[in-house]
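The lines below spell out each chain.
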There are 2 protein chains.
Amino acid sequence: MNTAPSSGSTPASAPEQPAPAAPRWLTADEQRVWRAYLHATTLLEDHLDRQLQRDAGMPHIYYGLLVKLAESPRRRLRMTELAMHAKITRSRLSHAVARLEKNGWVRREDCPSDKRGQFAVLTDEGREVLRRTAPGHVDAVRQALFARLTPEQQKSLGEIMQIVAEGLQPNEAGADLPWLR
Amino acid sequence: MNTAPSSGSTPASAPEQPAPAAPRWLTADEQRVWRAYLHATTLLEDHLDRQLQRDAGMPHIYYGLLVKLAESPRRRLRMTELAMHAKITRSRLSHAVARLEKNGWVRREDCPSDKRGQFAVLTDEGREVLRRTAPGHVDAVRQALFARLTPEQQKSLGEIMQIVAEGLQPNEAGADLPWLR
DNA sequence: GGGTGTTCCTTGAACCTTGAACTATCTCGG
DNA sequence: CCGAGATAGTTCAAGGTTCAAGGAACACCC
């Protein structure tokens, strides 16, 4: 049996519960939901990855990095901050920025106040790539997702994803819940 | 710019349409939903990948391959079928099976009726790995997803993901829509 | 039986990701 | 100042993914 492997940091729920709702396997309904989730997310991820690889010459996540930079104050962000925004490791970001730098879309700048630090800065060329490719990407997202869902479904999806994200990364940016436990 | 988003009806959009429902960018609400989606799905994917890498020694998608095989008639599936079930390319599957074979969890068998064909067959050892690791994986999925959603949300999520998946892979198993267009 | 085209699957090179080890810098208590 | 320990970011090696190319078997047609 099982030894409750992860369990460790359950946030709100009382940890001592006998948990009658932890059966060995998923119910038939849950299985259907889970499979639909897996299918949809992998298909969408692949779809967008290919779309961007084709139209912008980079994978989806790299594109996301450029977007984050474009939205940031002086079009720059510290490496660690950027990594957190994008939900990736610093290592991965390091490689990604190296590649984007090679393409001329991002440049690095030393941080004056912390000599360990680096800023990733969106170049004009990077900005231009975004400007050129954003519409196509938005269309792809809209056609694959929003165009197919009712407003109620969109709302529901947002709420659900918000919950899931917070469950996996409790201290989300902007959230300032006191650190229970 | 703005609203009146859905209404678009069919995806078979004529390129010449004025397309009043295709604004340049997402609305604020859509953006929130989209970002929540990206955060949640990348976090969950990473979470499960790490969980399985740690507990079963393979990434999530490889685990999924073993599950598919375990559910199949003689614990075997033709390569192409397996690739379609898992929503991956045949090339990727080829590499994946090579690795799983090296681990002793899958073995290949020639198809007698089609000499081009190969079966991927789950070995006893592979079955054993599944038996050992499935509970932990199910717990992880439950804790990250189902435990946090109301029954209504679960239902809604299932419907939404079903729609999205079908949009991206119209000829899904069971669906037999004629090929309009 | 010799085209022509398709399907099944594999291969190799290029690229991306991961996790751990590593350098350099900062911080803070003595 | 010193040193222990945290933090910022990179690097290395191992592995995973993609894309384009290719070999082999099938199918059909004359």
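If you're wondering where the values come from, they're calculated on a predicted model, not measured in any experiment.

**Focus: the protein's contact with DNA strand C**
Right, so step 1: Near DNA strand C lie 21 residues; those nearest to it are Arg92(A), Arg50(B), Thr80(B), Ser94(B) and Arg108(B).
Right, so step 2: Of everything in DNA strand C that lies within 4 Å of the protein, sugar and phosphate atoms constitute 65%.
Right, so step 3: Separating a base oxygen of DNA strand C from a side-chain N or O atom of Arg116(A) is a distance of 3.1 Å.
Right, so step 4: Within the side chain of Ser94(B), a nitrogen or oxygen atom sits 2.4 Å from a phosphate oxygen of DNA strand C.
Right, so step 5: A per-class count over the surface near DNA strand C returns three nonpolar, eight polar and 10 charged.

**Some points on the sheet that holds strand 3 (residues 118–122) of chain B**
Residues and elements named next belong to chain B.
Right, so step 1: The three strands are arranged 1-3-2 in an open sheet whose pairing can be described as antiparallel. The open sheet has two edge strands, strand 1 (76–78) and strand 2 (106–110), and neither has a second partner. Across this sheet, the average inter-strand angle for adjacent strands is 30°, counted without regard to direction.
Right, so step 2: Where strand 1 lies against strand 3, three bridges are found, and the strand directions are antiparallel. Of the residues in strand 3, the one forming a bridge with Arg76 is Val121.
Right, so step 3: Packed on one face of the sheet, helix 2 (residues 60–71) meets strand 1, strand 2 and strand 3 and runs near 95° to strand 3.

**Topic: helix 1 (residues 28–56) of chain A**
Right, so step 1: Between its first and last C-alpha, helix 1 of chain A extends 41 Å over 29 residues, near the 42 Å set by a 1.5 Å rise per residue.
Right, so step 2: At the C-terminal side of helix 1 of chain A, Gly57(A) shows a positive phi close to 70°.

**A closer look at the nonpolar core**
As a rule of thumb, soluble globular proteins bury nonpolar side chains together.
Right, so step 1: Core analysis: the biggest nonpolar cluster contains 42 residues, and Trp34(A), Leu157(A), Met161(A), Trp34(B), Leu157(B) and Met161(B) have the highest contact counts within it.
Right, so step 2: Looking at this core, the elements that each hand over two or more residues are helix 1, helix 5 (124–144) and helix 6 (151–168) of chain A together with helix 1 (28–56), helix 5 (124–144) and helix 6 (151–168) of chain B.
Right, so step 3: Not counting residues up to four positions away in its chain, the partners in contact with Leu157(A) are Leu145(A), Leu149(A), Val33(B), Leu157(B), Ile160(B) and Met161(B).
Right, so step 4: Formed by 25 residues, the second largest nonpolar core is a distinct cluster that contains Leu65(A), Val67(A), Leu100(A) and Trp105(A).

**Here's the deal with the environment of Arg92(A)**
Right, so step 1: Within the fold, Arg92(A) resides in helix 4 (residues 90–102).
Right, so step 2: Here the alpha-carbon distance between Arg92(A) and Met79(A), two residues 13 residues apart in the chain, equals 11 Å.

**Examining the protein's contact with DNA strand D**
Right, so step 1: Taken together, 21 residues lie around DNA strand D, and Thr80(A), Ser94(A), Arg108(A), Arg116(A) and Arg92(B) are the ones closest in.
Right, so step 2: Here DNA strand D approaches the protein such that, of its atoms within 4 Å, sugar and phosphate make up 70%.
Right, so step 3: The contact in question runs from a base oxygen of DNA strand D to an N or O atom on the side chain of Ser91(A), over 3.1 Å.
Right, so step 4: In the environment of DNA strand D, a phosphate oxygen lies 2.9 Å from a nitrogen or oxygen atom belonging to the backbone of Gln118(A).
Right, so step 5: Taken together, the elements giving at least two residues each to the surface near DNA strand D come down to helix 3 (79–86) and helix 4 of chain A together with helix 2 and helix 4 (90–102) of chain B.
Right, so step 6: Residue composition of the surface near DNA strand D, grouped by class: three nonpolar, eight polar and 10 charged.

Conventions used here
Residues numbered from 1 in each chain as written. Chains lettered and ligands numbered in written order. Predicted model: local features only at pLDDT ≥ 70, side-chain atom pairs only at ≥ 80, totals over all residues. Heavy atoms only, no water. Near = heavy atom within 4 Å. Polar contact = N/O pair within 3.5 Å; in protein donor to acceptor, adjacent residues only side chain to side chain. Nonpolar A, V, L, I, M, F, W, Y, C, P; charged D, E, K, R; others polar. Pairing = 2+ DSSP bridges. Helix = DSSP H or I, 4+ residues; strand = E, 2+ residues; numbered from the N terminus. Axes fitted to C-alpha atoms, helices over the stretch in contact; angles between N-to-C directions. Contact = heavy atoms within 4.5 Å. Expected span 1.5 Å × (residues − 1). Core = buried A, V, L, I, M, F, W, Y, C linked by side-chain atoms within 4.5 Å. Buried < 20%, exposed > 50% of the residue type's maximum accessible area, 1.4 Å probe, protein only.

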